[in-house]
Amino acid sequence: MQKEITIVGAGLVGSLCALYMTKRGHKVSIFERRKDLRSETITAGKSINLALSERGWTAFKKVGIDTEVKNIAIPMYKRIMHDEKGNLSDQAYGNKGQAIYSVSRAALNVLMMEMAEKNGAKLYFDEKCVDANLEQAIATFKNTKTTTEQSISADLLIGADGSLSAVREQMVKKHQHEYEYNEIAHDYKELLIPAGKNGTHLLDKNALHIWPRGEFMLIALANLDGSFTCTLFAPKKGKNSFEGLNSQQEVKKYFKTIFPDFIALVPNLYEQWNTNPTSALGVVRTYPWHINDTALLIGDAAHATVPFYGQGMNAGFEDCRILDELLDEFGNNLKGCFKKYSKQRKPNADGLQDLSMQNFVVMRDGTADPKFLLQKKIEKKFANLYPEKWTPLYTMVSFTNTPYADAWKIGMKQEKMMQSIMSAPNIEEIWESDEIMQKMCSLV
Ligand SMILES: Cc1cc2nc3c(=O)[nH]c(=O)nc-3n(C[C@H](O)[C@H](O)[C@H](O)COP(=O)(O)OP(=O)(O)OC[C@H]3O[C@@H](n4cnc5c(N)ncnc54)[C@H](O)[C@@H]3O)c2cc1C
């Protein structure tokens with residue numbers, strides 16, 4: 001039966017959700033607080049590009065836009081680590097041909113908005129959700145230009161309005177849903193490595209670049225125009241933190257001593273440092289994600305996480321795909337459908353949040369640790385010999401649709417096992433031996 005659906009937020013997840021819902025034959029209206037992205041110059045600040053992986057592709061394939069997205073995506077087959085002297089080493093993400101993809105947030109968002117619109121969705125901009133009656137699927141929007149307010153009534157209200165969700169706020173305030181926000185001790189700032197002559201990339205574009213430095217790190221992902229968007233993740237306070245980086249001399253010294261090959265590529269570093277904001281990172285946990293058959297949360301509104309597994313957006317796209325599957329399963333029983341959606345997705349969101357926090361340590365510390373890199377080599381060899389016995393954690397998260405909660409549980413078990421393998425005194429010499437492979441067989 002055709003429903004009228006209001007979606008709050010035309011970000012990545014709201015736009016994809018709109019496309020899914022129009023394809024199901026529903027009448028969809030999206031209300032977005034900001035102005036139309038298609039008429040706006042994007043400013044630096046909120047991750048200009050993102051890593052897209054299997055869960056994203058699965059959601060795109062189901063709704064038929066994977067080919068269009070491929071055209072704007074750059075494959076990254078490996079991590080390239082930059083040490084303090086500027087020496088490089090690398091680590092493949094998966095087996096030959098397996099890649100995660102760098103994609104522009106704005107280009108992807110525009111593509112999905114256009115596809116949703118083409119399929120009949122109506123988009124309204126400069127409309128900020130300021131209130132909602134979730135039991136009646138009524139949302140109130142204030143136009144940010146004219147300040148006039150209007151209330152929109154529908155059959156279903158979907159909150160795709162990100163980590164500061166106004167729809168979620170109403171669930172918490174009026175319906176006492178559980179809610180928790182935990183900010184982490186690290187902030188981030190984006191910087192740009194410009195394109196070289198004739199739009200060439202100054203670093204290998206088919207890799208995700210990491211400058212791992214223990215408590216903090218810098219990463220870089222390629223853009224189609226030859227530039228790289230880089231993000232510095234550093235503590236708010238204390239040693240090597242943002243706190244001590246104020247003057248031009250302080251910033252220059254920090255980068256010159258800690259990231260020497262990076263600073264060589266960014267002539268206007270201090271200008272960028274001053275212009276681009278420093279932003280906080282945090283984890284949103286809430287439950288349930290719905291009210292009856294009239295309101296629902298999706299994407300960051302339900303489960304914002306820290307970006308260290310490159311999965312926040314992918315998880316939001318997975319929400320869209322799973323919701324679509326559940327709508328098939330439950331037919332007209334929307335109440336049952338949304339209840340199952342909340343119940344099924346919540347542990348997976350929790351699993352992803354745990355995975356994301358853990359991967360921060362892997363990225364900033366592990367990728368510079370020879371023992372960690374050796375452990376990953378052993379796991380890879382074993383996985384290639386016995387694929388039915390072992391899938392490496394990174395593969396499970398980025399190259400399969402294994403539920404995040406399962407991946408987290410399996411990953412913890414694997415880690416425990418690997419500690420026993422890595423404790424062999426001469427593991428560096430015998431890691432490829434039959435003895436080690438047999439020991440792994442006996443442990444799984
Ligand atoms: C530094 C950083 C790097 C990241 N890297 C990755 C990555 O590599 N891979 C990955 O998968 N994920 C990554 N993420 C996570 C990803 O950005 C988010 O998970 C994703 O943007 C969530 O999409 P969303 O549509 O749910 O929310 P958002 O992108 O936040 O979109 C919400 C939309 O709702 C609008 N809105 C908000 N409030 C209102 C209101 N009251 N009324 C109307 N409209 C409203 C907003 O303007 C926005 O357009 C990263 C995040 C950060 C911070």
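Here the structure is a predicted model, which means the values were calculated and not measured. (Residues numbered from 1 in each chain as written. Predicted model: local features only at pLDDT ≥ 70, side-chain atom pairs only at ≥ 80, totals over all residues. Heavy atoms only, no water.)

What follows covers the packing of aromatic side chains. For the structure shown, the criterion picks out 24 aromatic pairs. Measuring from centroid to centroid gives 6.0 Å for W57 and F60, while their planes differ by 85°, and the two rings are edge-to-face. Here W57 and its partner F60 are both found in helix α2 (residues 54-63), three residues apart, which amounts to about one turn of the helix. Overall, the relative accessible area of 6% leaves W57 in the buried class. (Phe/Tyr/Trp six-rings, centres within 6.5 Å; stacked < 30°, edge-to-face > 60°. Helix = DSSP H or I, 4+ residues; strand = E, 2+ residues; numbered from the N terminus. Buried < 20%, exposed > 50% of the residue type's maximum accessible area, 1.4 Å probe, protein only.)

The subject of this paragraph is the sheet that holds strand β3 (residues 49-52). Strand order in the open sheet made by the three strands is β3-β7-β4, with antiparallel pairing throughout. Across the chains shown, the open sheet's two edge strands, defined by having one partner strand only, are β3 and β4 (73-76). Within this sheet the neighbouring strands show an average axis-to-axis angle of 30°, counted without direction. Pairing analysis gives four bridges linking β4 to strand β7 (residues 100-104), with the strands arranged antiparallel. Each residue of the ladder has a partner; that of P75, found in β7, is Y101. (Pairing = 2+ DSSP bridges. Axes fitted to C-alpha atoms, helices over the stretch in contact; angles between N-to-C directions.)

Counting through the fold element by element, N223 comes out in the loop between β15 (217-222) and β16 (228-235). Filtering out sequence-adjacent residues up to four positions away, N223 remains in contact with I48, N49, I74, L192, H201, F228 and T229. (Contact = heavy atoms within 4.5 Å.)

Attention shifts here to a positive patch on the surface. Together, R33, R34, K128 and K142 make up a region of like positive charge exposed at the surface. Within the secondary structure, K128 sits in strand β9 (residues 127-133). Since its relative accessible area comes to 39%, K128 is described here as partly exposed. (Patch = residues over 30% accessible without salt bridge, like charges linked within 9 Å, V, L, I, M, F, W, Y side chains within 5 Å. Areas by Shrake-Rupley, 256 points an atom, 1.4 Å probe, with all protein chains shown as cover. Salt bridge = Lys/Arg side-chain N within 4 Å of Asp/Glu carboxyl O. Lys, Arg positive; Asp, Glu negative; His and termini not counted. Charge placed at Lys NZ, Arg CZ, Asp CG, Glu CD.)

The subject of this paragraph is helix α12 (residues 370-385). Between its terminal C-alpha atoms α12 stretches 23 Å, which fits the 22 Å expected from 16 residues at 1.5 Å a residue. The inward-facing, buried residues of α12 abut β6 (88-92), α11 (334-364), α14 (404-422), α15 (427-430) and α16 (434-443). Regarding α12, its N-cap is D369, as a side-chain oxygen of that residue lies 3.0 Å from the backbone nitrogen of K371 further along. (Expected span 1.5 Å × (residues − 1). Polar contact = N/O pair within 3.5 Å; in protein donor to acceptor, adjacent residues only side chain to side chain.)

What is shown is where atoms sit, not what they do.
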